[in-house]
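Take a look at the letters that make up each chain.
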Amino acid sequence: MERSAELCERLVAALGREAVKTAIEDLVAYSGEARQPGMQPVAVVLPSEAREVSAVVGIAHEFAAPIVARGAGTGLCGGAVPTRRGILLSFARMNRVLALDARNRRVRVQPGATVRALGAVVQECGLFFGPDPSSGAVATLGGSVATNAGGPRTNAYGAMAEHVLALEVVLDDGTIVELDRDDAGYDLLAALVGSEGTLGIVTALELRLLPLPASTRLALGAFADFERALSATLAADANALTSLQIVDVTILRALDAYGRLGVPEGTRALVVAETSGERDDAAANEAALVRLFGERDALWYRLVGDAERPAVRTFLDAAFGALGRVAPNSAILDLCVPRTAMPEAFLSIETAVRSAQVAFGMLVRAGEGVLQPVLTYNRRDRRASEAVASASEAITSACFALGGSVGAEHGFGSVHRSAFSDGCESATLDALRRVRDAFAPSRALNPGKILPEAAWP
Amino acid sequence: MAVAVRRSPLDLERFALGGATPLRAYEPRSIDQLAAAMRATDAAGEALVLFGGGTLQGFGALPARYDLAISLRRLAATVSHEPRDGTISLLAGMTLGQLERVLAEAGRFVPFDAPRPLRGTVGGALAAGWLGPRRATYGRPSDHVLGTTLVLADGTIASTGGTTLRGSAGYDVGRLVAGSLGTLAAIARVTLRTRPLPARRRLAIAPLPERTRTRAARHLAVLAIEPTAALLVRGFDAEIAGHDDLEGRAFVFFEGSEGTVERATRELRSSLGAAGVPETRLFDRDAAETFARAMDAYVASVEERSVTYRSLGRPSDVETRGRRLEELAHDYGLQSESIFDLRTGDAVVRVVGNDELRFATAIVPFDDAAHDALPATIVLAAPALVRERLNVWGAPSPGLTVMRRLKEQFDPRATLAPGRFVAGI
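Description of the structure in this document.

Parameters at a glance
Residues numbered from 1 in each chain as written. Chains lettered and ligands numbered in written order. Predicted model: local features only at pLDDT ≥ 70, side-chain atom pairs only at ≥ 80, totals over all residues. Heavy atoms only, no water. Helix = DSSP H or I, 4+ residues; strand = E, 2+ residues; numbered from the N terminus. Buried < 20%, exposed > 50% of the residue type's maximum accessible area, 1.4 Å probe, protein only. Contact = heavy atoms within 4.5 Å. Areas by Shrake-Rupley, 256 points an atom, 1.4 Å probe, with all protein chains shown as cover. Lys, Arg positive; Asp, Glu negative; His and termini not counted. Charge placed at Lys NZ, Arg CZ, Asp CG, Glu CD. Arc of directions from axis to C-beta. Pairing = 2+ DSSP bridges. Axes fitted to C-alpha atoms, helices over the stretch in contact; angles between N-to-C directions. Buried area = accessible area lost by both parts, 1.4 Å probe. Salt bridge = Lys/Arg side-chain N within 4 Å of Asp/Glu carboxyl O. Polar contact = N/O pair within 3.5 Å; in protein donor to acceptor, adjacent residues only side chain to side chain. Nonpolar A, V, L, I, M, F, W, Y, C, P; charged D, E, K, R; others polar.

Let us now look at the overall build of chain B. Counting its secondary structure elements, chain B contains 13 helices and 19 strands. Projected onto its principal axes, the C-alpha positions of chain B cover 65 × 55 × 40 Å. Counting every position in chain B, which comprises 425 residues, the buried fraction comes to 62%. Across chain B, every contact between residues at least 6 apart in sequence was considered, and the portion connecting residues at least 24 apart equals 71%. Working note: accessible area of chain B is about 15,000 Å², and carbon and sulfur atoms make up 50% of it. Looking at charge distribution, chain B has the averaged site of its 53 positive side-chain charges lying 4 Å from that of its 49 negative ones.

As structure tokens, then:
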């Protein structure tokens, strides 16, 4: 972009020097996500309020510059990674909880607030926020709404789409609108949630809160192989559980589950199941889990007390990060299949990685049929990179063949977008294009996401 | 064209909206037939209205043009149902009652809470954006939608979402079309997330003398074990059980395990007792049926002399909003009946004229006054003759510009129920 210097000057004039970063170290730091490098923006802008975001949108249009809104960069699929040089909006300064209405169980927050920070504030009033992405300690609510994240508790509480009551949005033309789910008319929030920042820029969120459950129980069950663990989770009453996860041996080793959680040697899959509710119900569900572990040949099981529960959550939150100890690079696939197709999907994943000679770890959210295989490799090894690419393609195809989908937790981003659009009928892509053109006719918001560039006229 | 075409005046009367009766009516038997019918209508520059069971056609404004009715009631079949996956795929003309039966056999349900489930269809409830009381617990009907097959105005068949419990759809077009009252696309097939039937359902009905009403409402709002629905009802004697000439009644629905429902009942009784409520009656055997029948009240009319309004808002001010509408009704010489939903915050008020003349002269001034007081109030049911004169959608949403562009993108020739939706869309 030849007019980069002029663009930066205009941004500084509108928002002040402190809010506009152009130093190379800032541009590099903000350009990528945890696992996805991205194109460096011309400027990183840190607005303090919606009006400033609106001003940035106006300036961007003058310079024909794309805008990418970014939360904490914890996405794993490159959703907030720029594909063209332009403006990157960081919401690091818009991170406050604005108003808590405990009586009506609503909270208004800025998009840069983290999921767990919100949790801490509302907990004091006996409330909690349902979605809880595993990166929630740093993941922002703006990012979560962009990807319709939900985390393991989606099993019981659903993802962001079911918890967003209203959004303040800066539209493509710079207009600031407050959209409420109770408004008469088309459900614009339904389109905005999960739209990866391509339809509008969210500058405030009103979210639904839930009463803290009277009791929460957590149980661990160790299995000698992954298939047995899968079979046990399929036999479990998933609807009675808030989360139902399986961690495979690679992740268990990387996290030293044997030392930290007392998991016995020989364990190749660990089932982690949580149940919440009224005391009697939670206790009954826990007893059912214990019976299930016994019936399904668990090597070992144990109940986790209230005091230890946060440690187990921290352990699970670190699952993907821990694979960094296994290899310098990894590709995380974010898949979902019908629950009963999970065993077949697992076999396909195993076959694909064996045939490509790729190492992998795996996290499964068995209540919803979410499979997140992590293929580990060294990017400098060209053969390994190619093998990972081919295994990823084979796994994704197998998942589609089983009636599955991609982008379960992190959206399509730049990683899954082509897999989605390749597997999508042209009429469906056309319907999506119509939605995008209704919201954002300039197509300047996070270009290259959701829809393939080639679809643009 | 291989679709059933009805032309006799008697048949067409079924599809009359207001004074407008369509010239023709189609009943396609497949999605392809539906698409062909829509494509032909669009190409001919005609306008069509989509029908499910016709139970929620009281919503919205009357269409500006109306050449053709397309009924989806023959598109009614289970496409696939795997209870262990927690999903069901079906053709959207399936009635809600049929869906309930299919799911109940497998111990599952989807909480729609829509009126007249024996006639009302899944597609119709979704298209109308129906909102029932149990959404406070389970979410909105559109929250249960995982994927849809849509037929666009030009006959294009587009599938969005999928059959899995998670996964991005790109943009959630299915949920966008839900609530569009057939003005963006036809919902032909839908995949829903299902839930296990609760072990126990119980309906508790407590007559509320007026002096106890506000206190009872306060107590009901803070129950430790929350009911899935808690309504304060006044009137609706024919539609909602428990009327006994007292000023009103609390209508509370519990779902859960045996133990939890028992404990919840004890808490409810003690809480209402402390509010001065004399008795609480329990219904177990017919609890679900009685609760479902109460949903009819939301759209039931009193002859041709009533209009039902709904004001959405915070639970904390549901009584304030509801009473405001009741007071206004009184000021304009109209009777009122009401449902205040303590969990969702919906205030539903049916205003009734003692006679047709009284109703005809008072309803429009009342409608103006109601919208002055509560601009977002919408009309749930109104006689066709007065509907044109009412502000059925309330104040326009701030997102109206985007809504108009969506209509242009999806239905550029204004084939689908033109003028039916918000702000003349």
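Past the structure itself, the notes keep going.
This part covers the environment of N285 of chain A. Residue and element names in this part refer to chain A. Position of N285 among the secondary structure elements: in helix α11 (residues 279-295). Considered as a pair, N285 and I450 are 165 residues apart in the sequence and their alpha carbons are 40 Å apart. If near-sequence neighbours (up to four positions away) are discounted, N285 is found in contact with A240 and T275.

All names here are of chain A. L27, Y30 and S31 are the residues of helix α2 (residues 24-31) that are buried. For α2, the angular spread of buried residues about the axis comes to 105 degrees, placing them on one side. Exposed side of α2, more than 90 degrees from the buried face: E25 and A29 are the residues found there. Packed against the buried residues of α2 are β1 (20-21), β2 (43-45), β3 (67-70) and β4 (87-90).

All names here are of chain B. Two elements, strand β5 (residues 78-82) and strand β6 (residues 87-91), share 4 bridges in a ladder whose sense is antiparallel. Residue pairing across strands places T78 opposite L90, the latter belonging to β6. Counting the residues between successive antiparallel strands, the hairpin from β5 to β6 contains 4 residues, one of them, G86, with a positive phi of roughly 70 degrees.

It is worth spelling out the sheet that holds β4 of chain A at this point. Residue and element names in this part refer to chain A. Taken in spatial order, the 4 strands line up as β1-β2-β4-β3 in an open sheet, and their pairing is mixed. Sheet topology places β1 and β3 at the edges, where each strand pairs with a single neighbour. Relative to β2, β1 runs antiparallel, the two sharing 2 bridges. Bridge pairing in β2 places K21 opposite V44. Strands in contact with α2 are β1, β2, β3 and β4; relative to β2, the strand with the most contacts, it is inclined by about 70 degrees. Sitting on the sheet, helix α3 (residues 50-62) touches β2, β3 and β4, and the angle it makes with β4 is about 175 degrees.

What follows deals with the interface of chain B and chain A. Every contact between the two is made by 62 residues of chain B and, on the other side, 72 residues of chain A. Roughly 5,300 Å² is buried in total at the junction of chain B and chain A, and carbon and sulfur atoms are behind 53% of that figure. Broken down residue by residue, the surface that chain B buries against chain A is led by R166, Y171 and Q409 of chain B, which jointly contribute 17%. As a salt-bridge pair, D280 of chain A and R263 of chain B come within 2.7 Å of each other at their nearest N and O atoms. Counting every contact that joins chain B to chain A gives 25 residue pairs in polar contact (both at pLDDT 80 or more). For the side of chain B that touches chain A, the elements supplying multiple residues, two or more each, are β9 (157-161), α6 (173-177), α8 (258-274) and α13 (400-410) of chain B. The class makeup of the residues in the side of chain B that touches chain A is 26 nonpolar, 19 polar and 17 charged.

Turning our eyes to something else, we now look at the pairing of strand β17 (residues 335-341) of chain B. Residue and element names in this part refer to chain B. The element β17 is extensively covered by neighbouring structure, given that 5 of its 7 residues are classed as buried. Pairing analysis gives 4 bridges linking strand β13 (residues 229-234) to β17, with the strands arranged antiparallel. Residue pairing in the sheet places L232 in a bridge with F340 of β17. In this structure, β17 lies alongside strand β18 (residues 347-352), joined through 6 bridges in antiparallel fashion. Among the inter-strand pairings, Q335 is bridged to a residue of β18, identified as V352. Turn length for the β17-β18 hairpin, with the two strands adjacent in sequence and antiparallel, is 5 residues, and the turn residue G345 shows positive phi of about 85 degrees.

Turning to the pattern of salt bridges, a few remarks are in order. One side chain can pair with another of opposite charge once the charged atoms of both are near each other. As enumerated under the stated definition, the model contains 61 salt bridges over all chains in all. The salt bridge partner of R140 of chain B is D182 of chain A, with a shortest N-O separation of 2.7 Å. With R140 of chain B in the loop between α5 (135-138) and β8 (145-152) and D182 of chain A in the loop between β9 (176-180) and α7 (188-192), this residue pair bridges two chains. Here R140 of chain B falls in the buried class, since its relative accessible area comes to 13%. Its relative accessible area of 27% is what places D182 of chain A among the partly exposed residues. Among the salt bridges present, the one from R175 of chain B reaches D143 of chain B, with a minimum N-O distance of 3.1 Å. With R175 of chain B in helix α6 and D143 of chain B in the loop between α5 and β8, this residue pair connects regions lying 32 residues apart in the sequence. Overall, the relative accessible area of 5% leaves R175 of chain B in the buried class. Residue classification places D143 of chain B among the buried positions, given a relative accessible area of 4%.

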